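Below, each chain spelled out in residue letters.
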Amino acid sequence: MTASQSVTTVHRRSGRLAIHGGTPVRPAERGWPQWPQPTAQSSSNVEAVLRSGRWAITSPGTSPLFERRFASDFAGYLNARHCVPVDHGSSALLIALESLRLDHGDVVLVPALTWVASASAVLRAGLVPVLVDVRADTGCIDPASIDLDVSFRAVIAVHWAAAMANIPAMEKVLEPRGIPIIEDAAQAHGAQWLGRSAGTLGRLGCFSMQHSKVLTGGEGGAVVTDDDELAPVLEELRADSRRYARAGETSKLGLVTSASIMGANLCMSEWSAAVLCAQLELLDAQHETRRRNYALLNELLADVPGMRLLRPPAEQNRMSVYELPFIFDSLPEGVTTDRVAEAMTAELGTHFYVPREPLGRSPFLQPWTKPTIKPLAERFMELNRDRSHPNAEKLARSAVLTHHSTLLGGEEDMADVADAVVKVVNGLSDERWDRRR
Ligand SMILES: Cc1ncc(COP(=O)(O)O)c(C=O)c1O
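Residues numbered from 1 in each chain as written. Predicted model: local features only at pLDDT ≥ 70, side-chain atom pairs only at ≥ 80, totals over all residues. Heavy atoms only, no water.

Asks: Looking at this structure, how should I read the packing of aromatic side chains?
Replies: Under the criterion given, the structure shown has 6 aromatic pairs. Between the aromatic rings of phenylalanine 326 and phenylalanine 352, the centroid separation amounts to 5.9 Å while the plane-to-plane angle is 50°, which identifies the pairing as tilted. Of this pair, phenylalanine 326 sits in strand 14 (residues 323–328) while phenylalanine 352 sits in strand 15 (residues 352–353), and the two are 26 residues apart along the sequence. The exposure class assigned to phenylalanine 326 is buried, which follows from its relative accessible area of 1%. A residue is classified by how much of its surface remains accessible, and phenylalanine 352, at 2% relative accessible area, is buried. Put simply, the rings of Phe70, Phe74, Tyr77 and Phe207 touch in pairs and so form one group of aromatic residues. Geometry around tryptophan 32 places arginine 26 over its ring, the cationic atom sitting 3.8 Å from the centre. (Phe/Tyr/Trp six-rings, centres within 6.5 Å; stacked < 30°, edge-to-face > 60°. Helix = DSSP H or I, 4+ residues; strand = E, 2+ residues; numbered from the N terminus. Buried < 20%, exposed > 50% of the residue type's maximum accessible area, 1.4 Å probe, protein only. Lys NZ or Arg CZ within 6 Å of the ring centre and 35° of its normal.)

Structure below.
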């Protein structure tokens, strides 16, 4: 760094905060990378659907379906044997649970720090989520804290933000007891654990392709599995008890009424599939940019006391950053992460925010508000009443997040982020001091 660069850096890292009317680290006219990032291929795929006359997998016709192509491309990307696309990540979790043919009211363990769908899907499947704590370092379910004194029939392991849950360690404990793991990989498309993709380590893997995700078709989801018996069951569950015709079977729509299990219509639309086929082609290049920027930010922030970036486990050889967590282990007295997020947003002109409340006190997870699931809600309250989730609470209190698109920029953008972190932490401790005087 030259002398004039270091003077500029010092200047940018001090001074009045933008939330107090000071000059922001980054001028408003310098925008951030857009999200999503469609290509010419996305447009031409959508155009092809428009003209194909087949806008759904249940449309009559013979032109090839993007839904079939996406299933095959995504399975290939992850190295999974089967992929069943669905309309939402929530539906992926629902049919994954239903495919296990558990009994009504059975317990499923769910980490306390996740989006509500990981737990609400359990209730929708007629089961009861019991919330368990996460690891303080990764935000993912801790194999050591799986509560063996509660009788449970399945575990949903969420890969959180940028880190993967340790599925092999959980398998060691759960496999001998015949308890399956469903990976909720809605935030981890393409992440890898010792060379194996998130979603392919457990019995079933679930993905969301909703707008904010690293792979998106606006709305969408998918279940992947290597289990040849579960795959046709998943197909039925999402297409009103119909599965794809196999070699030798004839069917007008390409679907046969196999009806081994009652399903619902949770099919992915051709619009989403067409966009997803194109977006999947970009995913690895985008991952690479995010990983490079993550590493750079780590370096730039190494000397900032009391804060760190979330560090994935050593076995995770490939990151997929969905949200980038800045963890503030020690903030100056009286400074909250809410205030840090507000101040960072003002300095940088892109959104910084704090994690949602852990599910034990989330306004999104109130099953007692739904009369049709009253008995499940009562059991949910009974089983979760006395549970605490200290690591989830601590992470929710100490993390500030930004969307992965912030990491799709270049080195200068990362320098802005690092400068803003330092400026905000210093500025907010001064704010406390000023208030006291
Ligand atoms: C961890 C997790 N699970 C499940 C979902 C649900 O996906 P969808 O919104 O596509 O239903 C999400 C979406 O944010 C998620 O983050």
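That shown, we press on.
Asks: Can you walk me through the sheet that holds strand 7 (residues 196–197) in this structure?
Replies: Read from one edge to the other, the open sheet built from 3 strands follows the order 7-6-13, with strand pairing classed as antiparallel. Single-partner strands in this sheet number two, and they are strand 7 and strand 13 (316–318). Taken together, the 2 bridges between strand 6 (residues 192–193) and strand 7 define a ladder with antiparallel strand orientation. Bridge pairing in strand 7 places tryptophan 193 opposite arginine 196. (Pairing = 2+ DSSP bridges.)

Asks: I tried to follow the nonpolar core on my own but got confused; where do I start?
Replies: If you look at soluble globular proteins, the nonpolar side chains tend to sit buried side by side. Among the nonpolar cores identified, the biggest contains 132 residues, and Phe74, Leu297 and Phe326 are the most heavily contacted of them. Filtering out sequence-adjacent residues up to four positions away, leucine 297 remains in contact with Leu309, Leu324, Phe326, Leu407, Met414, Val417 and Ala418. Ranked by size, the runner-up nonpolar core spans 6 residues in total, among them Leu65, Ala239, Tyr244 and Leu255. (Core = buried A, V, L, I, M, F, W, Y, C linked by side-chain atoms within 4.5 Å. Contact = heavy atoms within 4.5 Å.)

Asks: How should unusual backbone geometry be read in this particular structure?
Replies: Note: most residues except glycine have negative phi, and most peptide bonds are trans. With an omega of -5°, the peptide bond running from tryptophan 35 to proline 36 counts as cis. Along the chain, proline 36 turns up in the loop between helix 1 (3–12) and helix 2 (40–52).

Asks: Even after reading the chapter, I still don't get the packing of helix 4 (residues 89–99) against helix 7 (residues 230–238), so can you show me in this structure?
Replies: In a packed pair of helices, the relevant descriptors are the angle between the two axes and the axis-to-axis distance. Running from N to C, helix 4 and helix 7 cross one another at 125°; their axes reach a closest spacing of 9 Å. In terms of orientation, helix 4 and helix 7 fall into the oblique class. In the packing of helix 4 onto helix 7, the handedness of the crossing is right-handed. Contact residues: Ile95, Ala96, Glu98 and Ser99 in helix 4; Leu230, Val233, Leu234, Leu237 and Arg238 in helix 7. In terms of residue class, the contact of helix 4 with helix 7 is built from 6 nonpolar, 1 polar and 2 charged. (Axes fitted to C-alpha atoms, helices over the stretch in contact; angles between N-to-C directions. Parallel < 35°, antiparallel > 145°, perpendicular 65-115°, else oblique. Left-handed = near helix turned anticlockwise from the far one by under 90°. Nonpolar A, V, L, I, M, F, W, Y, C, P; charged D, E, K, R; others polar.)

Asks: Explain helix 10 (residues 374–384) here, please?
Replies: Note on helix geometry: an α-helix contains 3.6 residues per turn, so any two residues three or four positions apart are oriented the same way. What helix 10 keeps buried is the set Leu376, Ala377, Phe380, Leu383 and Asn384. Taken around the axis of helix 10, the buried residues stretch over an arc of 135°, which confines them to a single face. In helix 10, the exposed residues that point more than 90 degrees away from the buried face are Lys374 and Pro375. Where helix 10 is buried, its residues contact strand 2 (107–111), helix 5 (117–124) and strand 3 (128–132). (Arc of directions from axis to C-beta.)

Asks: Sorry, what's going on with the site of the ligand here?
Replies: Taken together, 16 residues are adjacent to the ligand, and Gly89, Ser90, Asp184, Ser208 and Lys213 come closest. Contact distances for the ligand include 2.5 Å between an oxygen atom and a side-chain N or O atom of serine 90. Within the side chain of lysine 213, one N or O atom sits 2.6 Å away from an oxygen atom of the ligand. Calculation on the ligand without its partners gives an accessible area of 390 Å², and the protein chains cover 91% of this total. Within the residue set of the shell around the ligand, elements represented by two or more residues are helix 4 and helix 5. Ranked by residues supplied to the shell around the ligand, first place goes to helix 4 with 3 residues. (Near = heavy atom within 4 Å. Polar contact = N/O pair within 3.5 Å; in protein donor to acceptor, adjacent residues only side chain to side chain. Areas by Shrake-Rupley, 256 points an atom, 1.4 Å probe, with all protein chains shown as cover.)

Asks: Explain the side chain of glutamine 279 here, please?
Replies: Within the secondary structure layout, glutamine 279 lies in helix 8 (residues 270–300). Only 3.1 Å separates the side chain of glutamine 279 from the backbone oxygen of glutamine 37, close enough to count as a polar contact. A distance of 2.7 Å separates polar atoms of two side chains, one belonging to glutamine 279 and the other to serine 42. Beyond its immediate sequence surroundings of up to four residues, glutamine 279 is in contact with Gln37, Pro38, Thr39, Ser42, Leu215 and Thr216.

Asks: Help me understand helix 8 in this model?
Replies: Under the 1.5 Å per step criterion, the end-to-end length of helix 8 is 43 Å for 31 residues, consistent within 8% with the ideal 45 Å. Maximum bend of helix 8: about 40°, positioned at leucine 283. N-capping of helix 8 is provided by serine 269, with a side-chain oxygen placed 3.1 Å from the backbone N of tryptophan 271. (Expected span 1.5 Å × (residues − 1). Bend = angle between axes of the 7 residues up to and from the residue.)

Asks: How do you make sense of the packing of helix 3 (residues 66–78) against helix 8 when you look at a structure like this?
Replies: Contact geometry of helix 3 with helix 8 gives a least axis separation of 8 Å together with a crossing angle of 25°. One way to sum up the angle between helix 3 and helix 8 is to call them roughly parallel. Once helix 3 is placed against helix 8, the crossing between them reads as left-handed. Residues Phe66, Glu67, Arg69, Phe70, Asp73, Phe74 and Tyr77 of helix 3 form the contact with helix 8, whose own contacting residues are Glu270, Ala273, Ala274, Leu276, Cys277, Leu280, Glu281, Leu283, Asp284 and His287. Grouping the constituent residues of the contact of helix 3 with helix 8 by class yields 10 nonpolar, 1 polar and 6 charged.

Asks: Would you mind showing me how to read the pairing of strand 8 (residues 204–208) here?
Replies: Remember that side chains alternate between the two faces of the sheet whenever the strand is regular. Counted residue by residue, strand 8 has 5 buried out of 5 residues, so it is predominantly covered. Because side chains alternate across strand 8, one face comprises the buried residues Leu204, Cys206 and Ser208, and the other comprises Gly205 and Phe207, equally buried. Strand direction decides the pairing type here: strand 5 (residues 181–184) and strand 8, joined by 3 bridges, are parallel. What sits directly across from isoleucine 182, in strand 8, is leucine 204. Two elements, strand 8 and strand 9 (residues 221–225), share 4 bridges in a ladder whose sense is antiparallel. Paired with cysteine 206 across the bridge in strand 9 is valine 223.

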